[in-house]
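This is what each chain is made of:
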Amino acid sequence: MDKIKAIVEEQLNTTVINVSSVGNGATATCYCVEFSNFPFQLIVKISKHYKLMCEEKNMNEFLRKNVSFKIPETYFLTKKDSISYLGMEFIDGVSGRTLKLKHIKDKKHLANNIIDCFIDMQSVHNDKFGDFDNPTYNSWKEYYKEFFEKIYTFASDKHNNGELNKKIFKALNLIKINFDEIFDNVENIPCLSHGDFWTPNMIFDTEKAEIAGVIDPFSTRFVEPEYELFCLTLGLGEKLKLYKQYKNRVNVSKYCDLKVELYALCNEIDWWMRLGEIDTISYIKMRSRKLIKQVKKNKLKRTV
């Protein structure tokens, strides 16, 4: 707490009144800092992963310029004794990590608002696919094939070392043998993605039943329109039936349900690859089982 106090006072030339913990995740811990002058509060995220913090800062700044919903402003990023400190705007509201459904007066309006924000973000286009700051791929298939091959190589090594079970590796093999069939049918329109647009990364205004802000972007990219839909199936989104709501409003592709499982599975393995460890194996297994069912349902190849 004392280090956070000293850093905020140094960076913003202010007097800190209070520092309190507001939560932690896989790579960072967040604190709310109150101080004597405007804006009076901010969030400080601390982490040992400086590269990830730099990426988050850059993604936030890009998203702030391009989406209609609120993204926190970045005040500073500094590193002291191998620990990184990212100072960001405090967004007033209730975290989607702790939100109880009973606190929301109009759940239907909330669901519609989340989908509105998602569709609005998808309306931001580019002429290339890839990372937000340097999209260079002419097709989503080209981009995702390169990405998937990295995932597959990593998973193969883990499987050979006994760290990844047969069910998960079977799911990845099914993606591999059906890749062309699935991705030849993808709409080739690069759309902006937050990368982790699920309810725990949202701050809610419970009175209005609307999003007050969205935090913690991950691998912000220009992607195919259905890429980030898997995020709508998680957390509060599952209870609000956000994925179903989206499909009621937007015509989806033949393999949309399958791709939801595919992208969810590969996204989690990508996180494992980046961090070097993971505590969500049960989730990966669940997505693998659902993907295998989707392959069968769509009558795709199940053997080489």
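Look up: the structure comes first, before these words.
From a predicted model like this one, the values you see are computed outputs, not experimental measurements.

Colleague: Explain the sheet that holds strand S1 (residues 16-24) to me, please; I cannot follow it from the model alone.
Modeller: The strands that make up a sheet pair up through hydrogen bonds in the backbone, lying either parallel or antiparallel. Spatially, S1-S2-S3-S5-S4 is the arrangement adopted by the five strands of the open sheet, whose pairing is antiparallel. The open sheet terminates on both sides in strands that have one partner only, identified here as S1 and strand S4 (74-80). Here the strands of the sheet are splayed against their neighbours by 20 degrees on average, with no regard to which way each runs. Sheet analysis places S1 next to strand S2 (residues 28-35), joined by seven bridges and oriented antiparallel. When the sheet's bridge partners are listed, asparagine 24 is paired in S2 with threonine 29. Along the sheet face, helix H1 (residues 2-12) touches S1, S2, strand S3 (41-47), S4 and strand S5 (83-89) and points at about 125 degrees away from the line of S4. Against the sheet, helix H2 (residues 50-66) touches S3, S4 and S5, its axis set at about 20 degrees to S5.

Colleague: Please explain the layout of surface pockets as it appears in this structure.
Modeller: Left-over empty space is what a probe sized like a water molecule reveals as it rolls over the atoms. The space that makes up the largest pocket amounts to roughly 1500 Å³. Taken together, 49 residues make up the lining of the largest pocket; nearest its centre are Gly25, Ala26, Arg97, Asn201 and Asp216. Where the lining of the largest pocket is concerned, the elements lending two or more residues are S1, S2, S3, H2, S5, strand S6 (94-95) and helix H8 (256-275). Of all the elements, H8 adds the most residues to the lining of the largest pocket, at six residues. Looking at the lining of the largest pocket residue by residue, the classes come out as 25 nonpolar, 13 polar and eleven charged. Taken as a whole, the second largest pocket encloses approximately 540 Å³ of empty space. Taken together, 21 residues form the lining of the second largest pocket, with Glu55, Asp131, Tyr143, Ser219 and Arg274 sitting closest to its centre. Looking at the lining of the second largest pocket, the elements with two or more residues in it are H2, strand S7 (130-131), helix H4 (140-160) and H8. Here the lining of the second largest pocket gets five residues from one element, more than from any other, and that element is H2. For the lining of the second largest pocket, a count of residues per class yields seven nonpolar, five polar and nine charged.

Colleague: Would you mind going over a positive patch on the surface with me for this structure?
Modeller: Together, Lys167, Lys170, Lys285, Arg289, Lys293, Lys296 and Arg302 give the surface a local cluster of positive charge. Among the secondary structure elements, those contributing two or more residues to the positive patch are helix H5 (166-183) and helix H9 (281-297). As for its position among the elements, lysine 285 is in helix H9. When its relative accessible area of 31% is taken as the criterion, lysine 285 is described as partly exposed.

Colleague: I keep staring at the packing of aromatic side chains and nothing clicks. Help me out?
Modeller: Aromatic ring pairs are defined here through the distance separating the ring centres and the angle between the ring planes. Under the definition given, this model contains 24 aromatic pairs. Taking 5.6 Å as the distance between ring centres and 50 degrees as the angle between the ring planes, the aromatic pair formed by phenylalanine 69 and phenylalanine 197 counts as tilted. In this pair, phenylalanine 69 is assigned in the loop between H2 and S4 and phenylalanine 197 in the loop between strand S8 (191-193) and strand S9 (202-205), connecting sequence segments 128 residues apart. Side by side, phenylalanine 69 and phenylalanine 197 carry an identical accessibility label, which is buried.

Colleague: Sorry if this is basic, but what is going on with the pattern of salt bridges here?
Modeller: Between side chains of opposite charge, a pair can form when the charged atoms approach closely. Per the stated rule, a full pass over the model turns up 19 salt bridges. Glutamate 89 is the partner of arginine 64 in a salt bridge, and the nearest nitrogen-oxygen pair spans 3.6 Å. One end of the pair, arginine 64, is in helix H2; the other, glutamate 89, is in strand S5, with 25 residues separating them in the sequence. Note on arginine 64: relative accessible area 37%, which makes it partly exposed. Looking at glutamate 89, the relative accessible area reads 15%, which means it is buried. In this structure, the salt-bridge partner of lysine 247 is aspartate 257, at a minimum N-O distance of 2.9 Å. Of this pair, lysine 247 sits in helix H7 (residues 242-249) while aspartate 257 sits in helix H8, and the two are ten residues apart along the sequence. Note on aspartate 257: relative accessible area 27%, which makes it partly exposed. When salt bridges that share partners are traced, they join Lys45, Glu56 and Asp216 into one network.

What counts, and at which threshold
- Residues numbered from 1 in each chain as written.
- Predicted model: local features only at pLDDT ≥ 70, side-chain atom pairs only at ≥ 80, totals over all residues.
- Heavy atoms only, no water.
- Pairing = 2+ DSSP bridges.
- Helix = DSSP H or I, 4+ residues; strand = E, 2+ residues; numbered from the N terminus.
- Axes fitted to C-alpha atoms, helices over the stretch in contact; angles between N-to-C directions.
- Contact = heavy atoms within 4.5 Å.
- 1 Å grid on protein atoms, 1.4 Å probe; cavity = no way out; pocket = protein on both sides within 12 Å on 5 of 7 lines; lining within 4 Å.
- Points joined across faces, edges and corners; volume = space filled by probe spheres on them.
- Nonpolar A, V, L, I, M, F, W, Y, C, P; charged D, E, K, R; others polar.
- Patch = residues over 30% accessible without salt bridge, like charges linked within 9 Å, V, L, I, M, F, W, Y side chains within 5 Å.
- Areas by Shrake-Rupley, 256 points an atom, 1.4 Å probe, with all protein chains shown as cover.
- Salt bridge = Lys/Arg side-chain N within 4 Å of Asp/Glu carboxyl O.
- Lys, Arg positive; Asp, Glu negative; His and termini not counted.
- Charge placed at Lys NZ, Arg CZ, Asp CG, Glu CD.
- Buried < 20%, exposed > 50% of the residue type's maximum accessible area, 1.4 Å probe, protein only.
- Phe/Tyr/Trp six-rings, centres within 6.5 Å; stacked < 30°, edge-to-face > 60°.

Geometric descriptors of this kind do not, in isolation, establish any biological role.
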